[in-house]
Amino acid sequence: MKKIVVTGMGVVSPLGVGLEAFWRRVCEGANGIRQITRFDTADLACKIAGEVPTDEEDPDGFDVDKYLEPREQKRMDRFIHYAIAAADEALAQAGWFPKKAEDQEATGTIIATGVGGFPAMTAAARLVAERGPRRVSPFLVPSFLANLASGQVSIRHGLKGPLGAPVTACAASLQAIGDAVRMIRSGEAEVMVAGGTEACLDPVSMAGFSAAKAMSTKRNDDPSHASRPFDQDRDGFVMGEGAGILVLESEEHARARGAEPLAEVAGYGTSADAYHVTASPPDGEGELRAMRKALQMAGLEPKDIGYINAHSTSTPVGDAAEITALTTLFAGRAKDLAVSSSKSMFGHLLGAAGGVEAITCVKALTSGLLPPSRNLETPDETLSRFELIPGKAIVRKVDHILTNGFGFGGVNASAVFSRV
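Residues numbered from 1 in each chain as written. Predicted model: local features only at pLDDT ≥ 70, side-chain atom pairs only at ≥ 80, totals over all residues. Heavy atoms only, no water.

Enquirer: Explain the side chain of S216 residue by residue, including any values.
Expert: Locating S216 in the fold gives a position in the loop between α9 (203-211) and β8 (242-250). Among the polar contacts listed, one links the side chain of S216 to the side chain of D235, at a separation of 2.8 Å. For S216, the contacting residues outside a window of four places in its chain are C46, A226, D235, G236, F237 and V238. (Helix = DSSP H or I, 4+ residues; strand = E, 2+ residues; numbered from the N terminus. Polar contact = N/O pair within 3.5 Å; in protein donor to acceptor, adjacent residues only side chain to side chain. Contact = heavy atoms within 4.5 Å.)

Next comes the structure, spelled out in structure tokens:
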């Protein structure tokens, strides 16, 4: 089979915008969780989130004016803004700006989201209720449709190959990466812009997840300690936002045009729990199948994996299922296997989580630094036999990394990234 490699990456996150700032802060174990600033949280059970900072708040924050004219900004919800910024960075790093018709037709776009333009939808609902339907903009629907992140990136860069947008909750952007790999291997495309984007911080989404008892509510006054994957004192996830986009292509195509591969997407697997709408089965059986499929595609055994970037979101039930799956698959492993969760630093980015965390894995391979978990004060005893990396990144060269993404509806996705 064709070897599929990563040649470019771009990121927008609560830790900052751009690969350099993001990775520096990840290695420091920095905190990206804070009190919500965009709307009144007085009546909400959860009052904290991983907001992407503005450039006025942080030198490495987000400035939409760098990417879009004011008129264009108003026609797209925030999740599209983030996707455009991350895709611009990824394509620039890859050095891929197709101008010839055959290159444009060979380049596809598949950018996932869990929710799409949710704030635009809720704002429109309020507008119709308060001022009537005639006040709605003709650009409303294209501003919030889930596939418009892919669509706008495709239009912006003239990418005429396959176009898609998985909407599979928190597994969405890992599924986008897996779908992109299969499209390149099948010959449908030579290059794919793939990943995920999310920006659904909104009173309605916060209220809904809180009603489902999924969100952290114990540390509204101490946001930096609220996201605690695998810690015994975890009480729910902290929602975040952002985008993670990768440029994928066959190694043959990359080297022919003089591009330097960063890492290989060696394996991918996906499965369904067929169990419950919001909860994984306690034995993590579906998650286990996804991981085994990813290893099988990569031609690897569990002993070959040196680091796991876990899905772990800080929910008691979800973390427990993943712990069971990991300890089953990696039975016999100990401190030679490192495990951490990036969500401890910037929260759960829902449909963008897999894309941002895939970038974290590639950076770990290329830098020889394994990212830490914040707030890991009392680790779950079952998982504590592994190297859990509390605090700051550790120096350790590994050849293969596994990353997970699991979502509502019982969807599971896993991918293996390998050194080139």
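Anyway, onward from the coordinates.
Enquirer: Could you give me a rundown of the UniProt feature "active site" (unreviewed entry) in the protein chain, with the residues and numbers involved?
Expert: UniProt records the feature "active site" (unreviewed entry) at C170, using the numbering of this structure. Mapped onto the elements, C170 comes out in the loop between β6 (163-164) and α8 (172-186). (UniProt positions renumbered as here; feature names shortened; annotations may be inferred.)

Enquirer: So what about the pairing of strand β9 (residues 263-272)? Which residues, and what values?
Expert: Counted residue by residue, β9 has eight buried out of 10 residues, so it is predominantly covered. Pairing of strand β1 (residues 4-13) with β9 involves two bridges; the strand directions are antiparallel. Across the sheet, the residue bridging to V5 is E264, located in β9. (Buried < 20%, exposed > 50% of the residue type's maximum accessible area, 1.4 Å probe, protein only. Pairing = 2+ DSSP bridges.)

Enquirer: Before we move on, could you go through the packing of aromatic side chains and cite the residues and values that matter?
Expert: Here the structure, examined in full by the defined rule, presents five aromatic pairs. Consider the rings of F209 and F408, whose centres lie 6.1 Å apart with planes at 55°: the pair is tilted. A residue pair is termed long-range when its members are at least 10 positions apart, and F209 in helix α9 and F408 in the loop between β14 (400-407) and β15 (411-418) qualify at 199 residues. Relative accessible area serves as the criterion here: at 17%, F209 is assigned to the buried category. Take F408: its relative accessible area is 36%, and that puts it in the partly exposed class. Ring-pair connections join several aromatic residues into one group, and the members of that group are F62, Y67 and Y82. We note R75 situated over the ring of F139; from NZ or CZ to the ring centre the distance is 3.9 Å. (Phe/Tyr/Trp six-rings, centres within 6.5 Å; stacked < 30°, edge-to-face > 60°. Lys NZ or Arg CZ within 6 Å of the ring centre and 35° of its normal.)

Enquirer: Pulling in residues and values, what's your account of helix α7 (residues 148-157)?
Expert: Counted residue by residue, α7 has eight buried out of 10 residues, so it is predominantly covered. Every buried residue of α7 is accounted for by L148, A149, S150, G151, Q152, V153, S154 and H157.

Enquirer: Summarise the pattern of salt bridges; cite the residues concerned and give the values.
Expert: Opposite charge on two side chains lets them pair, provided their charged atoms get close. Taken as a whole, this structure holds 23 salt bridges when the rule is applied. In this structure, K218 and D233 form a salt bridge, with 2.8 Å as the shortest nitrogen-oxygen distance. Taken together, the positions of K218 in the loop between α9 and β8 and D233 in the loop between α9 and β8 put the pair 15 residues apart, joining distant regions of the chain. On the accessibility criterion, D233 (33% relative accessible area) is partly exposed. A salt bridge links R396 to E387; its shortest N-O distance comes to 3.6 Å. R396 sits in the partly exposed class, given a relative accessible area of 22%. Taken together, the shared-partner salt bridges connect R24, R25, D58 and D60 into one network. (Salt bridge = Lys/Arg side-chain N within 4 Å of Asp/Glu carboxyl O.)

Enquirer: Explain the UniProt feature "domain: Ketosynthase family 3 (KS3)" (unreviewed entry) in the protein chain residue by residue, including any values.
Expert: With numbering aligned to this structure, UniProt lists the feature "domain: Ketosynthase family 3 (KS3)" (unreviewed entry) at residues 1-419. End-to-end, the C-alpha atoms of residues 1-419 are 17 Å apart, and along that stretch the chain is 34% helix and 18% strand.

Enquirer: Tell me about the environment of A189, and name the residues and values.
Expert: When you line up the elements, A189 lands in the loop between α8 and β7 (191-198). Sequence separation between A189 and D103 is 86 residues; the distance between their C-alpha atoms is 9.4 Å. The contacts of A189, once residues within four sequence positions are left out, are A106, G108, P162, M183 and I184.

Enquirer: Let's hear about the nonpolar core: which residues, and what values?
Expert: With 52 residues, the main nonpolar core has V6, F22, I177, L246, L248 and F417 as its most contacted residues. Those residues within four positions of I177 in sequence are excluded, and the remaining contacts are A194, L246, L248, V265, G354, G355 and A358. (Core = buried A, V, L, I, M, F, W, Y, C linked by side-chain atoms within 4.5 Å.)

Enquirer: Break down unusual backbone geometry for me, with residues and values.
Expert: It is generally the case that most residues other than glycine have a negative phi and that most peptide bonds are trans. Phi at A169 is positive, roughly 55°, even though this residue is not glycine. Topologically, A169 is positioned in the loop between β6 and α8. Its identity as a non-glycine residue notwithstanding, I389 has a phi of 55°, on the positive side. In this structure, I389 sits in the loop between β12 (369-370) and β13 (394-395).

Enquirer: Could you give me a rundown of the environment of T313, with the residues and numbers involved?
Expert: Here T313 lies in the loop between β10 (307-309) and α12 (316-329). A residue is classified by how much of its surface remains accessible, and T313, at 8% relative accessible area, is buried. Considering only alpha carbons, one finds T313 and A123, 190 residues apart in sequence, at a separation of 28 Å.

Enquirer: An account of a negative patch on the surface is requested, with residue identities and associated values reported.
Expert: A surface patch of like charges, here negative, comprises D55, E56, D65, E69 and E72. Topologically, D55 is positioned in the loop between β4 (48-49) and α2 (70-74). (Patch = residues over 30% accessible without salt bridge, like charges linked within 9 Å, V, L, I, M, F, W, Y side chains within 5 Å. Areas by Shrake-Rupley, 256 points an atom, 1.4 Å probe, with all protein chains shown as cover. Lys, Arg positive; Asp, Glu negative; His and termini not counted. Charge placed at Lys NZ, Arg CZ, Asp CG, Glu CD.)

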